[in-house]
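# Breakdown of the fold
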Amino acid sequence: MSSFRTLDDLPAEQRVLVRLDLNSPVEDGVVQDNRRFSRHAETVAELAESGHRVALMAHQGRPGRDTFVSLEQHADILAEHAGVDVDFVADTFGDDALAAVRDLDAGDVLLLENTRMTDDELPEKAPEEHAASDFVQTLAPEFDAYVNDAYSAAHRKHASLVGFPLKLPSYAGRVMETEYEANTAIAEREFDGDVTMVVGGTKATDVIGVMEALDEKVDQFLLGGVAGELFLRAAGYPVGEDVDTELFDEQWSANEETIRSVLEERRDQVTLASDLAYEDADGERGEVAVEDIVEKTQSFLDVGSDTVADYEPVIRDSEAVFVKGALGVFEDERFSVGTVGVLEAIADTDCFSVVGGGDTSRAITMYGMSEDDFSHVSIAGGAYIRALTGEPLPAVELLVQSAAEDAA
Ligand SMILES: Nc1ncnc2c1ncn2[C@@H]1O[C@H](COP(=O)(O)OP(=O)(O)O)[C@@H](O)[C@H]1O
Ligand SMILES: O=C(OP(=O)(O)O)[C@H](O)COP(=O)(O)O
């Protein structure tokens, strides 16, 4: 794929319209600080310190949900991380927004209201249709350039993501740039040694999609989580069923055939857990070898210690390791052994490593590891999965198109 322009290519003293992804958990109306703020803060600080006039767009939640709130709190959290003032205007592209944009001086930063508060934003439409919307037609003429830093929303065809690149010279922000490079590495880079992929979590469909898309690129898949249990079931063990119907039955019936065929065709490429962990009668962690499971009578909440010991040398001998999904319910310390064991093994090596998925990457900070011990920790969920499976990200494609058209 040809590439997009970055902030290194942005001319001086621009009026820049920037799209971030500050979509965050909201508890009782309070926006929770998280890595999306600290990551985007770097792009914002760089733009402000370079003397640009900066207007930021972002979304929060979806209409009708509790998380659909104003971005007023986001401005304060972002300002704290970026070390620059971030003004807020409770308007997306009306008179108040335009007045605030026109009032920007060099180095000023303004956050516009939640983009999803305009009806023009959300419909999934062709970029050309979005570019013709009142939202894009009104805001675009106020700016010299558009910067998209919202990698984690790049799978959405919304106006703020795909409409503006048709109207303004467009650039990738620092988050967009690093996320894109790391998350497409598995599909686009050639590694000299073995490539390992750790797959787990609760979404079997995602896991299978990744395994099918990457079977040529990955030497070894190490399985865990709910998805791993379903693979064990396909291998003939009495797990991955019954106890928690919501997690298992539906996913099994939807994916049984694919799981069986992946396992049949790629048995040498797939390592399954050799033991599993559960909560015993005293509320303690118990472990059982999968060979000794005669009938599933309780939920398995983690892979066992022998499995971690099996996975460690594979990771140690890898040139690159990618992680998608947790190996257990790591939020409960008793069942964090698999996820933390694997992450620590990766952190101890010099291999190229990418950890993705909102939940799994949380385990890094939760258990005192440093993000610096990994090549990249993604802040994306859906976009990370799409990057791994080679599905195009519309907002990225528009950045590439903008660069190509301006070069022509
Ligand atoms: N055996 C299991 N049973 C229930 N939940 C599990 C199990 N293993 C992992 N999980 C859960 O999977 C979640 C992460 O899964 P998923 O959403 O697929 O990954 P991510 O958010 O990293 O993309 C974790 O929050 C963890 O609690
Ligand atoms: O948080 C996001 O995606 P993710 O949950 O896949 O990481 C993005 O902000 C996209 O939000 P959306 O899924 O409401 O379109």
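Residues numbered from 1 in each chain as written. Chains lettered and ligands numbered in written order. Predicted model: local features only at pLDDT ≥ 70, side-chain atom pairs only at ≥ 80, totals over all residues. Heavy atoms only, no water.

If you check an unreviewed UniProt entry, the chain appears there as Phosphoglycerate kinase from Halobaculum marinum. The record in UniProt for the chain states the following under Catalytic activity (unreviewed entry): "(2R)-3-phosphoglycerate + ATP = (2R)-3-phospho-glyceroyl phosphate + ADP". Turning to the chain, the UniProt record has this under Pathway (unreviewed entry): "Carbohydrate degradation; glycolysis; pyruvate from D-glyceraldehyde 3-phosphate: step 2/5." (UniProt positions renumbered as here; feature names shortened; annotations may be inferred.)

Tracing the backbone through its elements, the reader meets His-52 in the loop between helix 1 (35–49) and strand 4 (53–57). Of the polar contacts made by the side chain of His-52, one reaches the backbone nitrogen of Gln-14; its length is 3.0 Å. With residues near it in sequence (within four places) discarded, His-52 still touches Leu-10, Pro-11, Ala-12, Glu-13, Gln-14, Val-16, Leu-47, Asp-105, Ala-106, Gly-107 and Asp-108. (Helix = DSSP H or I, 4+ residues; strand = E, 2+ residues; numbered from the N terminus. Polar contact = N/O pair within 3.5 Å; in protein donor to acceptor, adjacent residues only side chain to side chain. Contact = heavy atoms within 4.5 Å.)

The side-chain alternation of strand 10 (residues 220–223) yields two buried faces, one formed by Gln-220 and Leu-222 and the other by Phe-221 and Leu-223. One ladder, built from four bridges, connects strand 9 (residues 194–199) with strand 10; its direction is parallel. Each residue of the ladder has a partner; that of Met-197, found in strand 10, is Phe-221. The parallel pair strand 9 and strand 10 is bridged by helix 9 (residues 204–213), and the resulting crossover is right-handed. Taken together, the two bridges between strand 10 and strand 11 (residues 270–271) define a ladder with parallel strand orientation. When the bridges of strand 11 are listed, Leu-222 appears paired with Thr-271. (Buried < 20%, exposed > 50% of the residue type's maximum accessible area, 1.4 Å probe, protein only. Pairing = 2+ DSSP bridges. Right-handed = clockwise from strand over helix to strand, strands pointing away.)

Over the atoms a probe the size of a water molecule is rolled, and this reveals where empty space is left. Following the criterion strictly, the structure yields one cavity of 30 Å³ or more and no others. The space that makes up the largest cavity amounts to roughly 40 Å³. Together, Val-198, Val-323, Gly-325, Ala-326, Leu-327, Thr-339, Val-342, Leu-343 and Thr-360 line the largest cavity. Broken down by element, the lining of the largest cavity gets its largest block of residues, three residues, from helix 13 (residues 337–347). Of the residues contributing to the lining of the largest cavity, the split by class is six nonpolar, three polar and no charged. (1 Å grid on protein atoms, 1.4 Å probe; cavity = no way out; pocket = protein on both sides within 12 Å on 5 of 7 lines; lining within 4 Å. Points joined across faces, edges and corners; volume = space filled by probe spheres on them. Nonpolar A, V, L, I, M, F, W, Y, C, P; charged D, E, K, R; others polar.)

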